[in-house]
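Coordinate analysis (summary)
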Amino acid sequence: MQILLNGELHATDAKTLSELCARLGFAEARIATAVNGSFIAASSREATKLAEADEIEILAPRQGG
Amino acid sequence: MLTLYGKPFTSRLLLGTARYPSPEALKQAVKASATEIVTVSLRRESARARTGQGFWGLIEELGCRVLPNTAGCRTAKEAISTAAMARELFNTNWVKLEVIANDDTLQPDLFGLVEAANVLVAEGFEVLPYTTEDLSAAERLVAAGCAVLMPWAAPIGSGQGLINRDALKTLRAYFPDIPLIIDAGIGTPSHAAEAMELGYDAVLLNTAIAEAGDPAKMAEAFARAVEAGRLAYEAGPIEPRDMAQPSTPVAGTPFKVDHAS
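Attention here is on the structure that accompanies the text. (Residues numbered from 1 in each chain as written. Chains lettered and ligands numbered in written order. Predicted model: local features only at pLDDT ≥ 70, side-chain atom pairs only at ≥ 80, totals over all residues. Heavy atoms only, no water.)

**Here's the deal with the interface of chain B and chain A**
Reports of interface size often rely on the accessible area that becomes lost once the parts have come together. Across the boundary between the two partners, chain B contributes 29 residues, which contact 27 residues of chain A. Taken together, the two surfaces of chain B and chain A that pack against each other cover about 2,500 Å², and 56% of this comes from carbon and sulfur. The interface formed by chain B and chain A contains three salt bridges. One salt bridge in this structure joins Glu 45 of chain B and Arg 62 of chain A, with 3.1 Å as the shortest N-O distance. (Contact = heavy atoms within 4.5 Å. Buried area = accessible area lost by both parts, 1.4 Å probe. Salt bridge = Lys/Arg side-chain N within 4 Å of Asp/Glu carboxyl O.)

**As for helix 3 (residues 76–90) of chain B**
All names here are of chain B. The end-to-end C-alpha separation of helix 3 is 20 Å, in line with the 21 Å expected for 15 residues at 1.5 Å each. Counting buried residues in helix 3 gives eleven out of 15 residues, a clear majority hidden from the surface. Looking at helix 3, one finds that the buried residues are Ala 76, Ala 79, Ile 80, Ser 81, Thr 82, Ala 83, Ala 84, Met 85, Ala 86, Leu 89 and Phe 90. Within two residues after helix 3, Asn 91 carries a phi angle of roughly 55°, on the positive side. (Helix = DSSP H or I, 4+ residues; strand = E, 2+ residues; numbered from the N terminus. Expected span 1.5 Å × (residues − 1). Buried < 20%, exposed > 50% of the residue type's maximum accessible area, 1.4 Å probe, protein only.)

**A word on the layout of surface pockets**
Taken as a whole, the largest pocket encloses approximately 560 Å³ of empty space. Gly 65 of chain A together with Arg 19, Leu 106, Ile 156 and Thr 207 of chain B are the residues nearest the centre of the largest pocket, which is lined by 30 residues in total. Among the elements of the structure, strand 4 (37–44), strand 10 (202–205) and helix 8 (207–210) of chain B are those that each provide at least two residues to the lining of the largest pocket. The residue inventory of the lining of the largest pocket, partitioned by class, reads ten nonpolar, 13 polar and seven charged. Quantified by volume, the second largest pocket comes out at close to 340 Å³. Together, 15 residues line the second largest pocket, and Glu 57 and Leu 59 of chain A together with Cys 73, Glu 78 and Thr 82 of chain B are the ones closest to its centre. Put simply, the parts of the chain that give the lining of the second largest pocket at least two residues each are strand 5 (55–63) of chain A together with strand 4 and helix 3 of chain B. (1 Å grid on protein atoms, 1.4 Å probe; cavity = no way out; pocket = protein on both sides within 12 Å on 5 of 7 lines; lining within 4 Å. Points joined across faces, edges and corners; volume = space filled by probe spheres on them. Nonpolar A, V, L, I, M, F, W, Y, C, P; charged D, E, K, R; others polar.)

**Some thoughts on helix 2 (residues 51–62) of chain B**
All names here are of chain B. Across its twelve residues, helix 2 extends 17 Å between first and last C-alpha, which sits within 8% of the 16 Å expected from 1.5 Å per residue. Listed as buried for helix 2 are Gly 52, Phe 55, Trp 56, Leu 58, Ile 59 and Leu 62. Across the axial projection of helix 2, the buried residues extend over an arc of 165°, all falling on one side. Counted as exposed and oriented over 90 degrees from the buried face of helix 2: Gly 54, Glu 60 and Glu 61. Gly 63 lies just past helix 2 and shows a positive phi near 70°. (Arc of directions from axis to C-beta.)

**Focus on the pattern of salt bridges**
This structure, assessed with the given rule, holds 15 salt bridges over all chains. Note that Lys 27 of chain B and Glu 61 of chain B form a salt bridge whose closest N and O atoms lie 2.7 Å from each other. Of this pair, Lys 27 of chain B sits in helix 1 (residues 23–33) while Glu 61 of chain B sits in helix 2, and the two are 34 residues apart along the sequence. The class of Glu 61 of chain B is exposed, set by a relative accessible area of 53%. With a closest N to O distance of 2.6 Å, Arg 224 of chain B and Glu 220 of chain B form a salt bridge. Highlighted residues: Arg 224 of chain B and Glu 220 of chain B, both in helix 9 (residues 215–235), separated by four residues, approximately one helical turn. The network of salt bridges with shared partners includes Asp 13, Glu 19 and Arg 23 of chain A.

**A few points about the nonpolar core**
One finds Ile 181, Ile 186 and Val 203 of chain B to be the most contacted residues of the largest nonpolar core, which totals 83 residues. The biggest single contributor to this core is helix 3 of chain B, with eight residues. Other than its neighbours up to four places away in sequence, Val 203 of chain B contacts Arg 12, Leu 13, Leu 14, Ile 181, Ile 182, Ile 186, Ala 192, Ala 195, Met 196 and Val 226 of chain B. Residues Ile 3, Leu 5, Leu 20 and Val 35 of chain A belong to the second largest nonpolar core, which totals 15 residues. (Core = buried A, V, L, I, M, F, W, Y, C linked by side-chain atoms within 4.5 Å.)

**With respect to the pairing of strand 3 (residues 13–16) of chain B**
All names here are of chain B. Burial along strand 3 is two-sided: the face carrying Leu 13 and Leu 15 and the face carrying Leu 14 and Gly 16 are both buried. Sheet topology note: the strand 3/strand 10 ladder contains three bridges and is parallel. Bridge assignment links Leu 13 to a residue of strand 10, and that residue is Val 203. Across three bridges, the pairing between strand 3 and strand 4 is parallel. In the sheet register, Gly 16 faces strand 4, and the bridge partner there is Thr 39. (Pairing = 2+ DSSP bridges.)

Following this line, the structure appears as structure tokens:
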């Protein structure tokens, strides 16, 4: 399955958002997620199924003004 | 004492965390500024670089209250989603709400800003909107439930100072009870002092310190300027006059012949 991960094409067979995060090494990481433009809370990642062409954002803290 | 959403602060200087030459320079600047609130952002995390994980450690070291921004968002929807992610990531209801209209001026999109503020306040956020000096936008933001306003002095990173001073004075006069923070466009400590002399409650800046030759020294300079400007405001500055007025008493001036007697 092809998804858009942080704006780039990404092939994965992860079934859920939490599975995708774990495969990327983010299981314990300080991240926040969105699917198709909407925020998905950490507690809802397990229940969030992924589909072809989903647009996933995985964000983390960064310097800002 | 500065109070923002019920929280008291001693320092009236808020600091951005971007564009410093090194993490160490950021730490030193935060220390020298005595700031209690720093702004941060959220950006895409790469599985390889994991940049954000390291930055989170640095933020914790700073020991300041964190004010996440929605920088770069071009629509209310983007800003709302980003704010929700920030709330979870930084464990705070505070958000520096930015909805940007134009890449050249980084001017706030006031329509999107008001729309996003309404939604976020309803969702329990404490919104600090990055806005302009526009009065009607300020009224809408306050009506939406924003208890703090953050008008720009000049475009972000431009360092031009208070380019619309009269409008900023008017805004201050219109909203005597709302904390007003000048956010963006400050270049030198004199600009910050000027804003504080006008009665602004605080100043938020980043580039002017981060890109200074010696960020820590400039942070100290800004801290003193903000304090001096606030003291001056509280002391009550004189009004400018068109003509000279001698400060030395005129009565008893020597070598003068009093023709009246």
